[in-house]
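Descriptive structure summary
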Amino acid sequence: FRSLPAQSRSPMLYYYLAANSRQQSDAQQADRYAAQAATLPVEQVFPNTLEDAAILAEALHQSPHDAHAAYALGNFLFAHARYDQAAALWSSARDQHFDNSVLERNLGVYEWLVKKDLDSAASHYSRAIQLSPNDYRLYEDLDKIYEQQDDTSSREKLFHNAPDAVLNRDTVRARHALYFLEQLQAEQALAVLRNHRFKPWEGGVIIHNIYVRAYIEKGRQALAIHQPVQAEEDFRTAMEYP
C-alpha cells in the first residue's frame with residue numbers, strides 16, 4: 001500500500017494497522033497509525049462489515065475525540081437502521097469541529113426522514129449548502145423540506161441564491177419549475193423549462209408533467225380573463241410536448 005499516494009489510501013487501512021499494532025503491544029506504533037487515519041479524507045468511507053465496525057469502535061474507545069472514526073462508524077450504524085446511535089456519533093463528530101457538508105446532510109436526512117423534525121432538517125441542509133454551495137443535490141432536498149413546511153419564502157430565496165451551475169442541473173430546474181407551477185405562475189415555470197435540453201432519466205416523467213400542467217394552467221388563466229383564443233392555443237400546446 002505504500003506505493004499509493006497518501007491521499008488515495010483509505011483511513012480504514014490505518015485503523016486496521018493501529019488495531020494490529022495494539023494486539024502486538026506496540027502502543028506507540030498504534031498511536032501513529034491512528035493519527036494517520038485521522039488526517040485522511042473520510043467523507044466517502046462507508047464501512048460495511050462487522051469487522052470494520054469493531055475496528056472503528058476500538059478506535060473510538062482509544063481516542064473518544066476521533067471525529068473521523070465517529071463519522072465512519074455512524075455511517076455503518078445508519079446503514080443498519082441504528083439511526084439514533086448513528087446520529088449521536090455524527091453529532092459527536094460535529095462537536096469536534098468536523099465541518100463537513102456530507103455530515104450536515106446526513107444529520108439533515110436523520111432529522112427529516114427519521115425524526116420528522118423539518119426545522120432541524122432545514123437547518124442542517126442550510127449549513128451543508130454553506131459548506132458545499134455547488135452540490136446541487138442539497139438544493140433538491142432542501143426545497144422538498146421547505147415544500148413540506150409550506151415555506152414559500154424560503155423556497156424563493158433558495159433558488160434566488162443558488163449558483164447558476166446548480167440552477168442549470170436538470171433535477172434542480174425541475175424543482176424550480178415545479179415551485180413556480182405550485183404558485184400558479186405558469187409562464188415563469190415555462191420560462192425555466194425553455195432553452196434547456198433535459199437528459200432523460202429512468203422513470204423521469206416529471207418534466208413532461210410540469211410542461212403539460214403549466215400550459216393547462218396558462219390556458220385556464222387566459223379563460224379567466226376572457227381570452228379564449230389564447231386559451232385554446234395553450235391547451236393545444238399542452239398536447240405537443242417537444
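The text that follows walks through the structure, step by step, so that each part is easy to find.

About the thresholds
Residues numbered from 1 in each chain as written. Predicted model: local features only at pLDDT ≥ 70, side-chain atom pairs only at ≥ 80, totals over all residues. Heavy atoms only, no water. Helix = DSSP H or I, 4+ residues; strand = E, 2+ residues; numbered from the N terminus. Rg over C-alpha atoms; globule rule 2.2 N^0.38 Å. Buried < 20%, exposed > 50% of the residue type's maximum accessible area, 1.4 Å probe, protein only. Contact = heavy atoms within 4.5 Å. Areas by Shrake-Rupley, 256 points an atom, 1.4 Å probe, with all protein chains shown as cover. Lys, Arg positive; Asp, Glu negative; His and termini not counted. Charge placed at Lys NZ, Arg CZ, Asp CG, Glu CD. Core = buried A, V, L, I, M, F, W, Y, C linked by side-chain atoms within 4.5 Å. Arc of directions from axis to C-beta. Phe/Tyr/Trp six-rings, centres within 6.5 Å; stacked < 30°, edge-to-face > 60°. Lys NZ or Arg CZ within 6 Å of the ring centre and 35° of its normal. Patch = residues over 30% accessible without salt bridge, like charges linked within 9 Å, V, L, I, M, F, W, Y side chains within 5 Å. Salt bridge = Lys/Arg side-chain N within 4 Å of Asp/Glu carboxyl O.

Some words on the overall build of the protein
What the protein contains, in helices and strands, is 14 helices and 0 strands. Traced from its N-terminal end to its C-terminal end, the protein shows the element sequence α-α-α-α-α-α-α-α-α-α-α-α-α-α. Relative to the 2.2 N^0.38 estimate, which gives 18 Å for 242 residues, the radius of gyration of the protein is 24 Å and therefore markedly larger than a compact globule would have. Along the longest, intermediate and shortest principal axes, the C-alpha atoms of the protein span 85 × 40 × 30 Å. Counting every position in the protein, which comprises 242 residues, the buried fraction comes to 44%. The contacts in the protein between residues at least 6 apart in sequence include a share of 52% that link residues at least 24 apart. Element-wise, carbon and sulfur atoms account for 50% of the exposed surface of the protein, whose accessible area totals about 13800 Å². Within the protein, the 32 negative side-chain charges are centred at a point lying 3 Å from the centre of the 24 positive side-chain charges.

Some points on the nonpolar core
Core analysis: the largest hydrophobic core is formed by 36 residues, its most contacted members being Y125, L142 and L193. Contributions of two or more residues to this core are made by α6 (101–114), α7 (118–131), α8 (136–149), α9 (152–161), α10 (164–167), α11 (170–182), α12 (186–193) and α13 (206–224). The biggest single contributor to this core is α11, with 7 residues. L142 has contacts with A122, Y125, S126, I129 and L158, leaving out every residue within four places of it along the chain.

Some remarks on α12
Among the residues of α12, A186, A189, L190, V192 and L193 are the ones counted as buried. Take α12 and look down its axis: the buried residues cluster within an arc of 155 degrees, on one side only. Those residues of α12 that are buried are in contact with α11 and α13. Looking one or two places after α12, you find N195, whose phi comes out positive at around 60 degrees.

Notes on the packing of aromatic side chains
On inspection of all chains with the given rule, the structure shows 9 aromatic pairs. Aromatic rings pair up to connect F78, Y83 and W90 into one cluster. Above the plane of the ring of Y136 lies R137, whose end atom (NZ or CZ) is 5.9 Å from the centre.

Some points on a nonpolar patch on the surface
Judged by side-chain polarity, Y83, L113 and V114 come together as a nonpolar surface patch covering roughly 240 Å² of accessible area. Structurally, the position occupied by Y83 is in helix α5 (residues 83–95). On the accessibility criterion, Y83 (34% relative accessible area) is partly exposed.

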